[in-house]
Amino acid sequence: MIWEALLYTLGTGAGAYMVCLSRRPAGVKRWDDAAFLQGWGLIAWGAGHLLAFIPAAWVRMISLSLCLCFSLLFLLALHALFAPFLCHERWKTVLDAMTLCAMLGTSAVCLLLMPDMARHLAAQMALQSGFLLLLPTVSLALANRRMADAAREERQRLLAATLLFTALAAAVPFLPPALLFGAGAASLGFLCRSHQRRERGRERSLASDDCTHSYERLTFSLHDTAMVAVLLAGTVVAAVTVAGIPRLSLIGMGLGALVALARLALTIRANRILMGRAFWHVGSLERKFAEQLEQIRRKNAQMAQLLQLKQRYEQLLIVSNEQSMREVSYENLQQVIEELVDAWYVKMGTLLYLRLSLESADGVVYYESVRGNPDHPHIRHTVAEQIVVDEQRDSPLAPRYVVVLAKTAAEEADEREMEHPFFQLLAVNVRGLVLRCLHENQSLELRLMEQEMELARRIQLLLIPEERMVLPRLQAKAVYLPVAYVGGDYVDYVRIDQRYTCFVVADASGHGLPASLMANGIRSALRAVIQTCWEPDLILDRLNKLLYADLSKTRSFITMLIAVYDAVAHKLFLSRAGHPQPVYLSASRVGLLPCAGGLGLGLSPDSRYVREEMPIAEDGMLLVYTDGLPDLKQHDSSRYPDKWRRELSALWDECRTSPEDRIALVEKRVWELTRAGQQTDDISLLILQFQSAAKKEGEGA
């Protein structure tokens, strides 16, 4: 209780600090400021949990009301955080608040009316609050990755801090007090630090242009739609599958689901309107681009005729080519354009006024260069040229148009006709300079993307156990070889308790980043499931129910084999979901271990799995692998898939006579097979070496 009281007191202090911090920026409304809302939310969270220590009924009512205010204020803070950037509609905020109040309010009433179920209902209320806050946080984090303003990193850090604290608040009923205090203090510090850095960098935020803003808004709305759908699905699954939920709480969940359903329907309708406008705009741009291309073709033909008839412009073309051949970047782009405009203005004798500008689709001038007097009395002819730089972008670094406006003293019709191609040439040269800068920047972005993929690979390798697990009568070692930067295989071992240890090998369909995301999801789901059960068949059954909805949407599946070692009975329990049969190596038997199969995860919501029992009566090894190992394409075409199993089986005789470590010997052989073949799929191998109970007792004696 002391640790919890310290944490809630610390949370109240952090909330007060964030409320004070929100007073710094000027011109911001209180209820539109995320720091102000989250500060009061932390105060409500800390005060509500502190009051919960007092057993009085009226104090309990105030405590639950404050906890409800915490969730509501955090939800409003998330909406306020992105409202200035993505124009988050107020009606969405109202409907989300109604959903939250309906679900959490009824749970709070049940908690007051049913004190004998206080522990269960408190855990339910915490999980509901976390679920309702985690979904919009994830949606905003995904949308923030698409935004291009200077404050994106600060907002991403703030969202990560909010996500961490929300997850901690949901896990309060399940964590030990000391661990809860340590994790809570760290998350509160991260949240305060994120708000502090965001307030310092607020003045550096840049508003995006209209086109980018529309794209960001549509992307955010699509993410928002997906998260509301997840909320509905999660609510229905919880109402159907979780036992012991009071009827009043179920009614609240039903009301919340109805409000969420209405919000989903309205959001889908708004998305269709946004997409319709976007498609109309794209069609208009395509027609305009086609017209401009035709215009460019005609002017290029005129320019070719001009080059044949007028040799006096040769010097001007040479100057233009010299400028085009120079090295150009965003640092010296304006200087090169200025020199090009100077050369044009000086070399063309009849030119009295020249203006070159880089403009947006709406006519906003990002940059311009002007020479001469636009009101010169001898002006006889006006030439205006406009060329598209890039129809997909519209920003100061990648403008939509290059515009040239020239006024000359030419009086003859032939002279006027020949002036158009040269001003068109000037616009084309400037467009080429801008595109060269843009392509250089895109190459830099590609290199950065490769660095990010390498970082993702390192992170995934950190999730695979590198060290060997050593138990009194069993040792385990994991080998992981992805075919790309990241892979879809997952191999791990986790101590459930002093008696049971879980070993798992899984293979997600596909390759690359999508498969690696599923593999990471398996890791999180497995650790959640083994908190409540140790039987491998039940683990597979619960994982299938937990992951089926997401896997069916992406038309993916996962094969998995789970082995649970019982240290007391000295035996293995095995269950298999579409995974290859393991290889068993011992003095009495060498070959595939008979093991009942089952459908892979995500193929059927009603899959059932069989638990096999394997007593350990002799020294031996068990090799659990993914299908990337037998599918290695060897240089020798006469080899066939089962030959590698015989090669691994031959290792047993070598292991019995060689002084080298058996696990190291098997791992070395796997590396040799990989180097000798052509790897086309991710390879994972789990090596289990065990000793007989009699041998261990003899060593102890």
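Worth saying up front: this structure is predicted, and the values here are computed from it rather than measured.

## A look at the overall build of the chain
Helix and strand content of the chain: 17 helices and 17 strands. Across the chain, every contact between residues at least 6 apart in sequence was considered, and the portion connecting residues at least 24 apart equals 73%. Summed over its atoms, the accessible surface of the chain is roughly 34300 Å², and 59% of this surface lies on carbon and sulfur atoms.

## Quick notes on a nonpolar patch on the surface
Taken together, the side chains of Met61, Val109, Leu112 and Leu113 make up a nonpolar region of the molecular surface, amounting to roughly 360 Å² of accessible area. Top contributing element to the nonpolar patch by residue count: helix α4 (residues 90-113), with three residues. Judged by its relative accessible area of 34%, Leu112 falls in the partly exposed class.

## Digging into the nonpolar core
Formed by 53 residues in total, the largest nonpolar core has its most connected members in Phe503 and Met560. Not counting residues up to four positions away in its chain, the partners in contact with Met560 are Val504, Val505, Ala506, Ile522, Leu540, Leu543, Ser575, Arg576, Ala577, His579 and Leu601. Ranked by size, the runner-up nonpolar core spans 37 residues in total, among them Trp45, Leu75, Leu78 and Cys192.

## A short note on the sheet that holds strand β2 (residues 365-372)
Strand order across the open sheet formed by four strands is β2-β1-β4-β3, with antiparallel pairing between neighbours. The open sheet terminates on both sides in strands that have one partner only, identified here as β2 and β3 (381-388). With strand direction ignored, the average angle separating the axes of adjacent strands in the sheet is 10 degrees. Where strand β1 (residues 351-359) meets β2, seven bridges bridge the pair, whose relative direction is antiparallel. Pairing of Glu359 across the sheet is with Val365, part of β2. Across the sheet, helix α11 (residues 333-347) is in contact with β1 and β2; its angle to β2 comes to roughly 30 degrees.

## A closer look at the sheet that holds strand β17 (residues 683-690)
The strand order β5-β6-β17-β14-β11-β12 describes an open sheet built from six strands, whose pairing is antiparallel. One side of each edge strand has no neighbouring strand; the edge strands of this open sheet are β5 (469-471) and β12 (590-592). Averaged over neighbouring strand pairs, the angle between their axes works out to 15 degrees when direction is ignored. Where strand β14 (residues 620-625) and β17 come together, six bridges link them in antiparallel fashion. Counted as the bridge partner of Val624 is Leu686 from β17.

## Focus: unusual backbone geometry
When glycine is set aside, most residues are seen to have a negative phi, and most peptide bonds are trans. A positive phi is found at Arg555, a non-glycine position, where the angle reads about 55 degrees. On the accessibility criterion, Arg555 (80% relative accessible area) is exposed. Non-glycine residue His570 carries a positive phi angle of around 55 degrees. If you trace the backbone, His570 turns up in the loop between β9 (558-566) and β10 (571-577).

## Quick notes on the packing of helix α13 (residues 512-529) against helix α14 (residues 536-553)
Helices that pack against each other are described as a pair by the angle of their axes relative to one another and the distance between those axes. It is at 10 Å that the axes of α13 and α14 come closest, and there the two elements cross at 140 degrees. Judged by the inter-axis angle, α13 sits oblique to α14. Relative to α14, α13 is oriented so that their crossing is right-handed. On α14, the residues that touch Met518, Ala525, Leu526 and Val529 of α13 are Ile539, Arg542, Leu543, Leu546, Leu547 and Leu551. Here the residues of the contact of α13 with α14 are counted per class, giving nine nonpolar, no polar and one charged.

## Some points on the side chain of Ser575
Topologically, Ser575 is positioned in strand β10. From its side chain, Ser575 meets the backbone nitrogen of Asp537 in a polar contact 3.1 Å long. Those residues within four positions of Ser575 in sequence are excluded, and the remaining contacts are Pro536, Asp537, Leu540, Met560, Leu561, Ile562, Val610 and Arg611.

## Some words on the environment of Leu351
Along the chain, the position of Leu351 falls in strand β1. Placed 20 residues apart in sequence, Leu351 and Arg371 show a C-alpha to C-alpha distance of 9.6 Å. Beyond its immediate chain neighbours, meaning those up to four positions away, Leu351 contacts Trp344, Tyr345, Ala406, Lys407, Thr408 and Phe423.

## Considerations on the pairing of β17
Across the eight residues that make up β17, a large majority, eight, are buried. Covered by surrounding structure in β17 are Ile683, Leu685, Ile687 and Gln689 together with Ser684, Leu686, Leu688 and Phe690, the residues of both alternating faces. One ladder, built from eight bridges, connects strand β6 (residues 474-481) with β17; its direction is antiparallel. For Leu481, the partnering residue across the bridge sits in β17 and is Ile683.

## With respect to the confidence of the model for the chain
On average, residues of the chain carry a pLDDT of 77, and 79% of them reach 70 or more. For the stretch residues 203-209, pLDDT sits under 50, and the model shows 10 contacts to residues farther than four places along the chain or on other chains. Across residues 697-701, confidence stays below pLDDT 50; counting only partners more than four residues off in sequence or on other chains, it has one contact.

## Observations concerning the pattern of salt bridges
Considering all chains together, one arrives at 13 salt bridges under this definition. In this structure, Glu667 engages Lys477 in a salt bridge whose closest nitrogen and oxygen atoms are separated by 3.7 Å. Of the two residues, Glu667 is situated in helix α16 (residues 662-676) and Lys477 in strand β6; the sequence distance between them amounts to 190 residues. Exposure class is identical for Glu667 and Lys477. Each is buried. Here Arg499 and Asp566 are joined by a salt bridge, their closest N and O atoms 2.7 Å apart.

## Some points on α14
End to end, α14 covers 26 Å across 18 residues, agreeing with the expected 26 Å (1.5 Å per residue, within 8%). When the local axis directions of α14 are compared, the greatest deviation, roughly 50 degrees, occurs at Leu547. When α14 is considered as a whole, its buried residues turn out to be Pro536, Asp537, Ile539, Leu540, Asp541, Leu543, Asn544, Leu547 and Leu551. Structurally, α14 contributes buried residues whose contacts are with α13, β9 and β10. Count one or two residues on from α14 and you reach Arg555, which has phi positive near 55 degrees.

## Some thoughts on the packing of helix α2 (residues 34-51) against helix α6 (residues 152-170)
Between α2 and α6, the least distance of the axes is 14 Å, while the angle of their chain directions is 15 degrees. Taken together, α2 and α6 sit at an angle that is classed as roughly parallel. Judged by the twist between their axes, the crossing of α2 over α6 is left-handed. Within the contact between the two elements, α2 uses Gln38, Leu42 and Trp45 and α6 uses Leu158, Thr162, Phe165 and Ala169. Residue composition of the contact of α2 with α6, grouped by class: five nonpolar, two polar and no charged.

## Concerning the packing of aromatic side chains
For the structure on display, the rule yields five aromatic pairs. Taking the centre distance of 4.1 Å and the plane angle of 10 degrees together, the rings of Tyr500 and Trp534 count as stacked. Of this pair, Tyr500 sits in strand β8 (residues 500-508) while Trp534 sits in the loop between α13 and α14, placing them 34 residues apart in sequence. In this structure Tyr500 comes out as buried when scored by relative accessible area, which is 9%. By relative accessible area, which is 22% here, Trp534 ends up partly exposed. Considering the side-chain rings of Tyr584 and Phe690, the 6.1 Å spacing of their centres and the 25 degrees angle between planes classify their relative orientation as stacked. On the criterion of sequence distance, the pair formed by Tyr584 in strand β11 (residues 583-586) and Phe690 in strand β17 is long-range, its members being 106 residues apart. The same class applies to Tyr584 and to Phe690, which are both buried.

Here is what the cut-offs are and how they apply
- Residues numbered from 1 in each chain as written.
- Predicted model: local features only at pLDDT ≥ 70, side-chain atom pairs only at ≥ 80, totals over all residues.
- Heavy atoms only, no water.
- Helix = DSSP H or I, 4+ residues; strand = E, 2+ residues; numbered from the N terminus.
- Contact = heavy atoms within 4.5 Å.
- Areas by Shrake-Rupley, 256 points an atom, 1.4 Å probe, with all protein chains shown as cover.
- Patch = residues over 30% accessible without salt bridge, like charges linked within 9 Å, V, L, I, M, F, W, Y side chains within 5 Å.
- Salt bridge = Lys/Arg side-chain N within 4 Å of Asp/Glu carboxyl O.
- Buried < 20%, exposed > 50% of the residue type's maximum accessible area, 1.4 Å probe, protein only.
- Core = buried A, V, L, I, M, F, W, Y, C linked by side-chain atoms within 4.5 Å.
- Pairing = 2+ DSSP bridges.
- Axes fitted to C-alpha atoms, helices over the stretch in contact; angles between N-to-C directions.
- Parallel < 35°, antiparallel > 145°, perpendicular 65-115°, else oblique.
- Left-handed = near helix turned anticlockwise from the far one by under 90°.
- Nonpolar A, V, L, I, M, F, W, Y, C, P; charged D, E, K, R; others polar.
- Polar contact = N/O pair within 3.5 Å; in protein donor to acceptor, adjacent residues only side chain to side chain.
- pLDDT = per-residue confidence, 0-100.
- Expected span 1.5 Å × (residues − 1).
- Bend = angle between axes of the 7 residues up to and from the residue.
- Phe/Tyr/Trp six-rings, centres within 6.5 Å; stacked < 30°, edge-to-face > 60°.

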